[in-house]
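# Notes for the structure review
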Amino acid sequence: MTNILMTLLVGLVVGAVARLLLPGDQRMGWIMTSLLGVAGSFLASFAGQVAGFYVAGDKAGWIASVLGAMVLLFVVSRLQGAGNDQA
């Protein structure tokens, strides 16, 4: 239970940092940003640990989590923009 709460807290922080660092207008609320932060954190942490770049708890994991969240924010904002152009 503690790990899940910690992951959610990290996702909130990572999503907020990614949103602040990513230029442009992301048309989504803080809940969606948080969810993308959690997803980016999971994906980047998993990929980095599997590749052997770092172990759980390393500072590099935080950096990778922010980068993963930024990538997801960018992809989702582009997909939302593409959907709005067609409508």
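Residues numbered from 1 in each chain as written. Predicted model: local features only at pLDDT ≥ 70, side-chain atom pairs only at ≥ 80, totals over all residues. Heavy atoms only, no water.

## A short note on the nonpolar core
Soluble, globular proteins show a tendency: their nonpolar side chains are buried together. Counting 11 residues, the largest nonpolar core is built from Val-10, Val-14, Ala-18, Leu-22, Met-28, Leu-36, Val-66, Ala-69, Met-70, Leu-73 and Val-76. Per-element tally for this core: the top contributor is helix H3 (residues 59-86), with five residues. In this structure, Val-10 is in contact with Ser-41 and Trp-62, ignoring residues within four places of it in sequence. (Core = buried A, V, L, I, M, F, W, Y, C linked by side-chain atoms within 4.5 Å. Buried < 20%, exposed > 50% of the residue type's maximum accessible area, 1.4 Å probe, protein only. Helix = DSSP H or I, 4+ residues; strand = E, 2+ residues; numbered from the N terminus. Contact = heavy atoms within 4.5 Å.)

## With respect to a nonpolar patch on the surface
A surface patch of nonpolar side chains, about 640 Å² in accessible area, is lined by Met-6, Leu-9, Leu-12, Val-13, Val-17, Leu-21 and Trp-62. With six residues, the top contributor of residues to the nonpolar patch is helix H1 (residues 2-21). Of note, Trp-62 is situated in helix H3. Residue Trp-62 is classed as partly exposed on the basis of its relative accessible area of 42%. (Patch = residues over 30% accessible without salt bridge, like charges linked within 9 Å, V, L, I, M, F, W, Y side chains within 5 Å. Areas by Shrake-Rupley, 256 points an atom, 1.4 Å probe, with all protein chains shown as cover. Salt bridge = Lys/Arg side-chain N within 4 Å of Asp/Glu carboxyl O.)

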